[in-house]
Amino acid sequence: MSRLAILAGVFGLFAGSAAAETLTIALSTAEIKVNSTFSGETVTLFGVIERDAATVSRNTDYEIAVVLRGPPQDVIERRKDRIAMVWVNSASETIVAAPSFYALDTSGELAEISTPPILARNEIGFDSIDFQYKGRDGADDPVATEFRDAFVRLKKNAGLYSEQPAGVSFIGGTDDVFQAAMWIPANAPDGEYTVEVFLFSGNALLAREEGRLHITKVGFEQLMYSSAHNHTLLYGLACVLLALFTGWLAGVIFRRD
C-alpha cells in the first residue's frame, strides 16, 4: 500500500470519528402567538443522539446543553450614585446586540460538562456570553464587567435570563433520547429565537444542532406595537387625545351640581 493511501485512510478515520455522533432535534411548537390573555408557555425540546455503525461505546456519559437565545437588542445601562443626599445617574454604558432572552438548560452542572474555553467559545452560560460595548473593550475592563453583571442580574429578576442545571433529562431508559422544557414568560420579547443544542462527552464537544422559534404578537397587541414603532407621531397624539378625553369624561361623571 502506498504512503498516499495510508495517509488517506488515516484522515478518513479521523473524519469519521469526528462525525461519529449527530443530533436530531424537534420543538413542540415552532411559533408562539402572544395576545392579551398570554401568561407564558412551556416549549419542549426533544432530541436524539444518533451514532454511526462504526462508533464504539464511550467511557464517559453524554452531557447536553440547550441554549435558547432571543433576538439581539442594544441596551443603555445607567448607574445611580448618591451625591449630596440625592440619587443621580452618574455613568452609563451601551451594550450592543445583547441577547434579549437567554435560557440555559443542561443535563448536569456546567463545570462538569466541559472546560471554560469550550464553554466560552460557544457562549454557554452567563459568564460566557460575548457582550459587546460601544466604544469599550469589555474583555478585561472592570467598569464594563460591573455593568455586565448588573444587566444580567436585572434580566434574571425579570425572568428573561435563566439557568437550569437539571433542565435536560434522558428519557426511555436510554442515553440517546433526551428532552428539555423551556419556559417562555409573558414578558418575553417577540422575534426570532435561536435554540442551540450541544452534545458533550468527557468534556469534549461532539456535536451541535440548531433550531428556530418565533414569538409573534397578534390581535390588539400587534396593532399597538406596530403603531408605536411605525407611526410614532400619530400614536403619541392618539395617547394624548385619549388622556384628555378620559379626564373630561371623569369630570362629567363625578361633577357635582
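Worth saying up front: this structure is predicted, and the values here are computed from it rather than measured.

Here we look at the overall build of the chain
Stage number 1. Per the secondary structure count, the chain includes six helices and 13 strands.
Stage number 2. By the burial criterion, 33% of the 257 residues in the chain qualify as buried.
Stage number 3. Sequence separation of at least 24 residues holds for 69% of the intrachain contacts in the chain that already meet a minimum separation of 6.

Section: the sheet that holds strand 3 (residues 41-51)
Two modes of strand pairing occur in sheets, parallel and antiparallel, and in both the strands are linked by backbone hydrogen bonds.
Stage number 1. Taking strand neighbours across the sheet as the criterion, the four strands line up as 1-3-11-10 in an open arrangement whose pairing is antiparallel. A strand with exactly one partner marks an edge of an open sheet, and here the two such strands are strand 1 (21-27) and strand 10 (168-170). Geometrically, the sheet is characterised by an average inter-axis angle of 25° between neighbouring strands, direction not taken into account.
Stage number 2. Both strand 1 and strand 3 contribute to a ladder of seven bridges, which runs antiparallel. Bridging across to strand 3, Thr 22 finds its partner in Glu 50.

Things to note about the confidence of the model for the chain
Stage number 1. Across the chain, pLDDT averages 82, with 77% of residues at or above 70.
Stage number 2. For the stretch residues 3-18, pLDDT sits under 50, and the model shows four contacts to residues farther than four places along the chain or on other chains.

Focus: the nonpolar core
Stage number 1. Val 66, Leu 68, Phe 131, Tyr 161, Ile 184 and Val 197 are the most contacted members of the largest nonpolar core, which has 50 residues in total.
Stage number 2. In contact with Ile 184, other than residues within four places in its own chain, are Ile 32, Phe 38, Gly 40, Glu 41, Val 43, Leu 68, Phe 101, Leu 213 and Ile 215.

As for the pairing of strand 12 (residues 191-201)
Stage number 1. With nine of its eleven residues buried, strand 12 lies for the most part within the structure.
Stage number 2. In terms of strand pairing, strand 4 (residues 62-69) meets strand 12 through eight bridges, oriented antiparallel. The residue of strand 12 that forms the bridge with Arg 69 is Thr 194.
Stage number 3. Bridge analysis of strand 12 against strand 13 (residues 204-217) gives eleven bridges, and the strand direction is antiparallel. Considered in strand 13, the bridge of Thr 194 is made with Arg 212.
Stage number 4. In sequence, strand 12 turns back onto strand 13 through a hairpin of two residues, with Gly 202 there showing a positive phi of about 60°.

What counts and how
Residues numbered from 1 in each chain as written. Predicted model: local features only at pLDDT ≥ 70, side-chain atom pairs only at ≥ 80, totals over all residues. Heavy atoms only, no water. Helix = DSSP H or I, 4+ residues; strand = E, 2+ residues; numbered from the N terminus. Buried < 20%, exposed > 50% of the residue type's maximum accessible area, 1.4 Å probe, protein only. Contact = heavy atoms within 4.5 Å. Pairing = 2+ DSSP bridges. Axes fitted to C-alpha atoms, helices over the stretch in contact; angles between N-to-C directions. pLDDT = per-residue confidence, 0-100. Core = buried A, V, L, I, M, F, W, Y, C linked by side-chain atoms within 4.5 Å.

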